[in-house]
Amino acid sequence: FHYTTASTEYEKNDLFILLTDGITETLNKKNEYFGMEKVKQTILNNRNDELSHIYEEINKIEIA
C-alpha cells in the first residue's frame, strides 16, 4: 500500500472529524450512494455544537 502523509496547522477549538467510507458508500433504495455532501453540510450546520451532537445529527441523516 502507498500512504500519503501531510501536516496541517490548527488552532484552539478547531474541529477534526474522522469517518469511514461505511457512511459515504451506503446505498439507498434507488441504489444511489449516500455521498459526502450531506455529511459535510451536517457538520457545517452544527460546527459550534458538541461533538456528540454532531455525531447524532450525522446518524439522523436520511438517505433519499
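Residues numbered from 1 in each chain as written. Predicted model: local features only at pLDDT ≥ 70, side-chain atom pairs only at ≥ 80, totals over all residues. Heavy atoms only, no water.

J.: Describe the pattern of salt bridges, naming the residues involved and giving the relevant values.
T.: All chains considered together, the criterion is met by two salt bridges. Taking the shortest distance from any N to any O, the salt bridge between lysine 40 and glutamate 37 comes out at 3.6 Å. Taken as a pair, lysine 40 and glutamate 37 lie in helix H2 (residues 37–45) at a separation of three residues, close to a single helical turn. Here lysine 60 makes a salt bridge to glutamate 57, at a shortest N to O gap of 3.1 Å. Of this pair, lysine 60 and glutamate 57 both sit in helix H3 (residues 51–60), three residues apart, roughly one helical turn. (Salt bridge = Lys/Arg side-chain N within 4 Å of Asp/Glu carboxyl O. Helix = DSSP H or I, 4+ residues; strand = E, 2+ residues; numbered from the N terminus.)

J.: An account of unusual backbone geometry is needed here, citing residue identities and associated values.
T.: With phi around 75 degrees, asparagine 13 is a residue other than glycine that occupies positive phi space. Position of asparagine 13 relative to the elements: it lies in the segment before helix H1 (21–24).

J.: Please give an account of the side chain of threonine 42 that cites residues and values.
T.: Considering the arrangement of structural elements, one finds threonine 42 in helix H2. By relative accessible area, threonine 42 is classed as buried at 12%. For threonine 42, the contacting residues outside a window of four places in its chain are Glu57, Ile58 and Ile61. (Buried < 20%, exposed > 50% of the residue type's maximum accessible area, 1.4 Å probe, protein only. Contact = heavy atoms within 4.5 Å.)

J.: Please provide a residue-by-residue account of the side chain of asparagine 46, values included.
T.: Here asparagine 46 lies in the loop between H2 and H3. Polar contacts involving the side chain of asparagine 46 include one to the side chain of histidine 53, which spans 3.3 Å. Look past the residues within four positions of asparagine 46 in its chain and what remains in contact with it is His53, Ile54 and Glu57. (Polar contact = N/O pair within 3.5 Å; in protein donor to acceptor, adjacent residues only side chain to side chain.)

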